Amino acid sequence: MYDLIIKNVRIIDGTGAPWFRGGVAVRDGKICKIGMLADCEAERVVDGSDRYLSPGFIDIHSHSDSTLPLYPQAESRILQGITTEIGGDCGISVAPVDPERKEQLKDYAGDLEYGWTSIGQYLEMLEQMGVSTNFGTAAGHGTIRLAVMGYEDRKADPREMSLMKAHLRQAMEDGAFCMSSGLIYPPGCYADKEELAELARELRPYGAFYETHMRDEATRNVESVREAMEVCWAAGVPLQIAHHKVTRRSHWNVSCRATIAMIEKARQEGLDVTADQYPYNASSTTLDSNVPAWGFAGGMEALLKRLRDPATREKLKEESNASHVGRWGDIIVSYAESEKNAWTVGKSITEIAEIRGVDPADACFDLIIEEKGRVNEVNYGMCEEDIEFIMSQRFTMIGSDGNAASLDYPGLPHPRWYGAFPRVIAHYCRERKLFPLETAIYKMTGLPAARLGLQGRGLIREGMAADLVLFDFDTIRDTPSYSDPKRACQGIVQVYVNGVLTAENGVHTGARAGAILRRGRS
Ligand SMILES: [Zn+2]
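Residues numbered from 1 in each chain as written. Predicted model: local features only at pLDDT ≥ 70, side-chain atom pairs only at ≥ 80, totals over all residues. Heavy atoms only, no water.

Enquirer: Outline the coordination of the zinc ion, listing residues and values.
Expert: Every protein donor of the zinc ion is accounted for by Cys 90 (SG), His 213 (ND1) and His 243 (NE2), and the metal-donor separations fall at 2.0 to 2.2 Å. The exposure class of His 213 is buried, given its relative accessible area of 5%. (Donors = N, O, S within 2.8 Å, 3.2 Å for Na, K, Ca; no water. Buried < 20%, exposed > 50% of the residue type's maximum accessible area, 1.4 Å probe, protein only.)

Enquirer: So what's going on with the state of the cysteines? Residues and values would help.
Expert: Inspection of the entire model under this criterion finds zero disulfides. The thiol sulfur of Cys 189 is not disulfide-bonded, and the nearest other cysteine sulfur, from Cys 90, lies at 13 Å. Note on Cys 189: relative accessible area 14%, which makes it buried. (Disulfide = S-S within 2.5 Å.)

Enquirer: Report on the pairing of strand β1 (residues 2-11), specifying residues and quantitative values.
Expert: When β1 meets strand β4 (residues 42-47), the two strands line up parallel, connected through five bridges. If you follow Tyr 2 over to β4, its bridge partner there is Ala 42. In terms of strand pairing, β1 meets strand β2 (residues 20-27) through six bridges, oriented antiparallel. For Arg 10, the partnering residue across the bridge sits in β2 and is Arg 21. Bridging between β1 and strand β5 (residues 52-55) involves two bridges; their strand directions are parallel. Bridged to Arg 10 within β5 is Tyr 52. (Pairing = 2+ DSSP bridges. Helix = DSSP H or I, 4+ residues; strand = E, 2+ residues; numbered from the N terminus.)

Enquirer: Give a detailed account of the sheet that holds strand β11 (residues 209-213), specifying residues and quantitative values.
Expert: In space, the six strands of this open sheet follow the order β9-β10-β11-β12-β13-β17, with parallel pairing throughout. The outermost strands of the open sheet, each flanked by one partner alone, are β9 (139-140) and β17 (396-398). Note: β11 against strand β12 (residues 239-241), three bridges, orientation parallel. Looking at the pairing, Glu 211 lines up with Gln 240 of β12.

Enquirer: Can you break down the side chain of Glu 371 residue by residue, with the values?
Expert: Positionally, Glu 371 belongs in the loop between α12 (360-370) and β16 (375-380). Within the buried core, Glu 371 has no salt-bridge partner, and the shortest N-O distance to an opposite charge, that of Lys 340, equals 5.9 Å. Excluding its chain neighbours within four sequence positions, the residues that come into contact with Glu 371 are Ala 336, Glu 337, Ser 338 and Asn 341. (Lys, Arg positive; Asp, Glu negative; His and termini not counted. Salt bridge = Lys/Arg side-chain N within 4 Å of Asp/Glu carboxyl O. Contact = heavy atoms within 4.5 Å.)

Enquirer: Please set out the side chain of Ser 64 residue by residue, giving values where relevant.
Expert: With respect to the helices and strands, Ser 64 occurs in the loop between β6 (57-59) and α1 (75-78). Note on Ser 64: relative accessible area 0%, which makes it buried. Engagement of the side chain of Ser 64 in a polar contact is seen with the backbone nitrogen of Ala 404, the distance being 2.8 Å. In this structure, Ser 64 is in contact with Pro 69, Arg 77, Glu 85, Gly 87, Tyr 122, Phe 135, Gly 402, Asn 403 and Ala 404, ignoring residues within four places of it in sequence. (Polar contact = N/O pair within 3.5 Å; in protein donor to acceptor, adjacent residues only side chain to side chain.)

Enquirer: Describe the packing of aromatic side chains, with residues and values.
Expert: Within the structure shown, the criterion is met by 12 aromatic pairs. Where Tyr 122 meets Phe 135, the ring centres are 6.5 Å apart and the plane angle is 75°; that geometry is what we call edge-to-face. One end of the pair, Tyr 122, is in helix α3 (residues 119-129); the other, Phe 135, is in strand β8 (residues 134-137), and 13 residues separate them in sequence. Relative to Tyr 482, the ring of Tyr 280 lies with its centre 6.2 Å away and its plane at 75°, an arrangement referred to as edge-to-face. Remark: Tyr 482 occurs in the loop between β18 (468-471) and β19 (492-497) and Tyr 280 occurs in the loop between β13 (273-277) and β14 (282-286); sequence separation between them is 202 residues. In textbook terms, an aromatic cluster arises when at least three aromatic residues are bridged by ring pairs, as seen for Trp 19, Tyr 52, Phe 471 and Phe 473. (Phe/Tyr/Trp six-rings, centres within 6.5 Å; stacked < 30°, edge-to-face > 60°.)

Enquirer: Summarise the packing of helix α13 (residues 384-391) against helix α14 (residues 416-431); cite the residues concerned and give the values.
Expert: Between α13 and α14, the least distance of the axes is 13 Å, while the angle of their chain directions is 105°. The orientation of α13 with respect to α14, classified from their angle, is roughly perpendicular. Along the contact surface, α13 presents Glu 384, Ile 387, Glu 388 and Met 391, while α14 presents Arg 423, Val 424, His 427 and Tyr 428. Each residue belonging to the contact of α13 with α14 can be placed in one class, and the counts come to four nonpolar, one polar and three charged. (Axes fitted to C-alpha atoms, helices over the stretch in contact; angles between N-to-C directions. Parallel < 35°, antiparallel > 145°, perpendicular 65-115°, else oblique. Nonpolar A, V, L, I, M, F, W, Y, C, P; charged D, E, K, R; others polar.)

Enquirer: Let's hear about α14: which residues, and what values?
Expert: Taking 1.5 Å of rise per residue, 16 residues should cover 22 Å, yet α14 covers just 18 Å from first to last C-alpha, more than 12% shy of that figure. The element α14 is extensively covered by neighbouring structure, given that 15 of its 16 residues are classed as buried. (Expected span 1.5 Å × (residues − 1).)

Enquirer: Now, about the nonpolar core: what can you tell me, with residues and values included?
Expert: Formed by 95 residues in total, the largest nonpolar core has its most connected members in Leu 203, Tyr 210, Met 229 and Ile 368. With seven residues, α12 is the single largest residue contributor to this core. The residues touching Met 229, leaving out its near neighbours within four places in the chain, are Leu 239, Met 262, Ile 263, Ala 266, Leu 271 and Val 273. Core analysis: the next-biggest nonpolar cluster, separate from the first, contains 33 residues, Met 382, Met 391, Val 424 and Phe 435 among them. (Core = buried A, V, L, I, M, F, W, Y, C linked by side-chain atoms within 4.5 Å.)

Enquirer: So what's going on with the pairing of strand β20 (residues 500-504)? Which residues, and what values?
Expert: Where β19 and β20 come together, four bridges link them in antiparallel fashion. Across the sheet, residue Gln 494 finds its bridge partner in β20, namely Glu 504. Note that β20 and strand β21 (residues 507-508) share two bridges and pair antiparallel. Paired with Ala 503 across the two strands is His 508, which belongs to β21. Hairpin remark: β20 followed by β21, antiparallel, with two residues in the connecting loop; positive phi at Asn 505, about 45°.

Enquirer: Report on unusual backbone geometry, specifying residues and quantitative values.
Expert: Residue Pro 96 is reached from Ala 95 by a cis peptide bond, and omega for that bond is 5°. Tracing the backbone through its elements, the reader meets Pro 96 in the loop between β7 (82-87) and α2 (102-109). Along the chain, Pro 186 connects to Pro 187 via a cis peptide bond; the corresponding omega equals 5°. Relative to the helices and strands, Pro 187 is located in the loop between β10 (178-182) and α6 (193-200). The backbone of Asn 8 shows a phi angle near 60°, a positive value even though the residue is not glycine.

Enquirer: Describe the sheet that holds β8, and please don't skip the residues or the numbers.
Expert: Taken in spatial order, the three strands of this open sheet run β6-β7-β8, and their pairing is parallel. Among the strands making up the open sheet, the edge pair consists of β6 and β8. Each neighbouring strand pair of the sheet contributes to a mean axis angle of 15°, computed without reference to strand direction. In this structure, β6 lies alongside β7, joined through three bridges in parallel fashion. Within β7, the position partnered with Asp 59 by the bridge is Glu 85.

By themselves, these figures tell us nothing about what the structure is for.
Below, the structure written as structure tokens:
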């Protein structure tokens, strides 16, 4: 007698192997039997009507650590088939917390209460709360640097280095999956290669990897990949290149050819390098990322002060305009905290500048001041040829770079929050035919599970957790769009987390059966 049988399905097991017909039997949250299951009985029997059944999707790159405490049902994730996600990427995790720097951390990692100081305490809090996805986190280098040095724009001294290492070791003991870095964001961007390598060395005893949002994804992709590789060669740890992309028109079709060749070569030489990617031609981040990094030294208050000082503002404006020639029109405001600026959401910086009758850089800076930094953008900077080239690589997996959120989250978040995984299946696999369906599923299940060292998830195998997605290949579609992102995806028929039905036909069941994941223990 089983708890659940899903029969009459085409099973894609997550290894990349061809699908086969059969059924899956589940007991106590685990897959117990796979086959035709003719004589088996269960409390609940689901007829899959010859649709596909795959492992639940694993999102190796998210920022859900900052929103899951507020949206524990994670509709944005569950309704697109994500059952497991890793937060804390791009250098930004919600712990460790220096209680003295809580306000700075709110600017940096999200507006939470921070009733914890360590990753361990944070994970325990989530465990008590109960969440709908299986969830684990990276240890953010930027967060660690913030806890020790604030927004200081300088090299760390030996005492600060040893404090950062201690924080990182604690995070790894608490079960963090990797160290992430975000080298465009202050304060992470103030770190040099040596600091990163010295910290990454601490990961080695844990077998954990270094994940990086590289120094420059616009015009210095090659140099940035080289830096990341040098960090990992020096530290002796694997490398995960986060959301690999090229964000400057002048470098389209060229930079990623070079970086992919570099990754292949490094792999041949013995460096374990992989990459992740989200399937969209626009990125999304905070609007203050358009201000030169030196403007941020000292933190948000210091930035706002510089933006208000006419002479400093002029310098920042000059630099910002120089690096944004022809680009302000591609930057669309996606969220503004205040009611007064709600009208800017969905408009480009160029449009806002015209309406206000000011220069685009001024429009951008004024919004940052008015919103005290709580203003986000979607930025159209990539081309489809590059996206497809990177996605086709055997070492590229899918990561949404999105967040756990509800269907009534404020603003217009990037559609990757709600639709990244079905978009890969519908657009890149079914329509563009970049790869077979089994490969698409491998990139979102077996491959990330292997990278994360998840022993019990990511494959349909006896003994594995019953994280499952039943979907209709003919109708699956990333309904969420830039103009209307907060929607359930079409064609995701059922989603199970640890054997518990968590969504059916686009509706969340309210179940919170997610497990909290810790590296080496999950
Ligand atoms: Zn990033």
